Amino acid sequence: MNRFVLADCTTVDAALSQLKDGAVVKAGGVDLLDRMKDGIEEPPKLVNIRNVAELRGIRETPQGLTLGPLATLAEISEHPSIRAHYQILSDACGHAATPHIRNMATVGGNLLQRVQCWYYRSAEFTCIRKGKDLCFAFDGLNQYHAIMEYDGCPSVAPSSAAVALLGLGASVDLTSAKRGKRTVGIREFYVVPDANPTKFTVIEPDELLTAIVIPRPAPGTRSAYQKYGEKESFDWAIADAGVVLEMDGNICRRAVITMGAASPVVRRAAQAEAALAGKPITEETARAAGRLSIEGAQPLSKNAYKLDLFPVAVYRTVLFAAGLRDRDPSAAG
Ligand SMILES: Cc1cc2nc3c(=O)[nH]c(=O)nc-3n(C[C@H](O)[C@H](O)[C@H](O)COP(=O)(O)OP(=O)(O)OC[C@H]3O[C@@H](n4cnc5c(N)ncnc54)[C@H](O)[C@@H]3O)c2cc1C
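Here goes a summary of the coordinates provided. (Residues numbered from 1 in each chain as written. Predicted model: local features only at pLDDT ≥ 70, side-chain atom pairs only at ≥ 80, totals over all residues. Heavy atoms only, no water.)

### Quick look at the site of the ligand
Threshold: We call a residue near a given molecule or strand whenever any one of its heavy atoms falls within 4 Å of it. Pairing of N or O atoms within 3.5 Å defines a polar contact, subject to two protein rules: one partner must be a possible hydrogen donor and the other a possible acceptor, and residues neighboring in sequence count only if both atoms are side-chain atoms. Note that accessible areas follow from Shrake-Rupley with a 1.4 Å probe, and for residues the cover is restricted to the protein chains shown. Where helices and strands are cited, they refer to DSSP runs of H or I of at least four residues and of E of at least two residues respectively, numbered from the N terminus. Put simply, Ala, Val, Leu, Ile, Met, Phe, Trp, Tyr, Cys and Pro go in the nonpolar bin, Asp, Glu, Lys and Arg in the charged bin, and everything else, Gly too, in the polar bin.
Around the ligand, 32 residues are found, and the nearest of them are Val-25, Gly-29, Thr-106, Ser-160 and Lys-227. One of the side-chain nitrogen or oxygen atoms of Arg-35 is found 3.0 Å away from an oxygen atom of the ligand. Between an oxygen atom of the ligand and a main-chain N or O atom of Ser-160, the distance comes to 2.8 Å. Relative to its unbound accessible surface of 980 Å², the ligand loses 95% to contact with the protein. For the shell around the ligand, the secondary structure elements donating two or more residues are β2 (24–26), α2 (30–37), α7 (107–112) and β8 (207–215). With four residues, α2 is the largest single contributor of residues to the shell around the ligand. Taken together, the residues that form the shell around the ligand break down as 18 nonpolar, eight polar and six charged.

### Describing unusual backbone geometry
When glycine is set aside, most residues are seen to have a negative phi, and most peptide bonds are trans. Under the convention used in this document: Partly exposed describes any residue whose relative accessible area lies between the buried limit of under 20% and the exposed limit of over 50%, with all areas from a 1.4 Å probe on protein chains only and scaled to the type maximum.
A positive phi angle, close to 50°, is found at Ala-97, a residue other than glycine. Its location among the elements puts Ala-97 in the loop between α5 (87–94) and α6 (99–104). Even without a glycine there, the phi angle at Phe-234 is positive, about 60°. Relative accessible area serves as the criterion here: at 51%, Phe-234 is assigned to the exposed category.

### A short note on the pattern of salt bridges
Selection rule: Whenever Lys or Arg places a side-chain nitrogen within 4 Å of a carboxyl oxygen from Asp or Glu, that contact is recorded as a salt bridge.
A full pass over the atoms with the stated rule returns 16 salt bridges. Of the charged contacts in the structure, one is a salt bridge between Arg-179 and Asp-206, with a shortest N-O distance of 2.8 Å. Taken as a pair, Arg-179 in the loop between β6 (171–176) and β7 (180–185) and Asp-206 in the loop between α9 (186–189) and β8 lie far apart in primary sequence, 27 residues in all. When its relative accessible area of 49% is taken as the criterion, Arg-179 is described as partly exposed. For Asp-206, a relative accessible area of 18% puts it in the buried group. Where Glu-283 meets Arg-287, a salt bridge forms, and the shortest distance between an N and an O atom there is 3.8 Å. With a gap of four residues between them, Glu-283 and Arg-287 both fall in helix α11 (residues 283–292), about one helical turn apart. A relative accessible area of 43% means that Arg-287 is categorised as partly exposed. Shared partners join several salt bridges into a network, and the residues in it are Asp-31, Arg-35, Glu-41, Arg-114 and Arg-121.

### Regarding the nonpolar core
Rule in force here: Here, nonpolar core refers to any group of buried Ala, Val, Leu, Ile, Met, Phe, Trp, Tyr and Cys residues whose side-chain atoms link them within 4.5 Å. Contact definition: two residues touch when any of their heavy atoms are within 4.5 Å.
Among the nonpolar cores identified, the biggest contains 40 residues, and Leu-67, Leu-89, Leu-111 and Ile-214 are the most heavily contacted of them. Counting residues per element, this core draws most heavily on helix α8 (residues 160–167), which supplies six residues. Discounting chain neighbours no more than four positions away, the residues touching Leu-89 are Leu-67, Ile-76, Ile-82, Ala-164, Leu-165, Leu-168 and Ile-214. Of all hydrophobic cores here, the second largest spans 37 residues; its members include Ile-147, Ala-241, Met-247 and Ile-257.

See below:
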């Protein structure tokens, strides 16, 4: 690991004034320090925002919910109102990583964590995401990689919180000292690798993620998230699904279905959503949504198993969200 300067900040303005000349933000440090220890990044300065009180907290407003980016995954998953009204989010944050990581990891850092592709994470490989015109995963070890929408790089979206926040129609506030604040929807926040392989999100080096804003769910909304992995804990998803259902009695007025580990950025499964809209949620409609969630998928040499896993993940999460099934005992976390 390289030597670096640590700038401890207690206000947003102080942190923003430090964000220049290659300095990077450190929140919980879980992902950033892993990248530095793995030798894939050598920032000269870390701007520690951990003690910036303005960036903490979970606020309920008449319009919905505002999360400070320093809210930890544990705080979010245990928040009574989030459990009651935004179950997809408490499920996603409460089943990410492990209990001790959830105590340290912030939701802002979770959204900004980099992909887990082992070629990207190894200093030995200079891949397309590090500025070379090469991807080792297409012909190499790709069992955890994408099955769809992967032009250029098939690494998968790692953030469980993003799967939930996309489902809830959330946006993020990005603030810079020079340009002030802008608001970006979660889907637009992520950059697809074929557009710009070395960029993961639209955040600029001089910007801080200062808030996550979630609109209040429509009356009759039910939601859920489930994650499937190789291990019970201490690992990222190999398939995960978020489901938000706006119900009128037993008829689904509108469905949002999101998937994480299927593609390089979190995605909505539009055909699966359409299969539920205007219909009751039943075994049959949930299975149809599951099947349609992988429409157009093109697995790589070692990950065709995801074609079986995602339909099951979506089907079971639809039934779980609708209250027709308990949380799947084979889900991870
Ligand atoms: C074993 C293991 C299993 C895991 N499993 C999962 C899982 O199942 N699901 C999941 O979602 N995650 C998982 N994770 C990832 C973990 O949740 C993230 O690493 C963590 O949430 C990152 O948060 P942090 O606060 O530590 O971020 P940091 O490491 O401090 O920061 C991460 C990135 O975000 C930037 N950043 C942070 N905050 C801001 C801000 N406010 N403004 C601008 N930039 C900012 C940093 O510069 C850095 O680039 C796992 C991690 C481990 C080690």
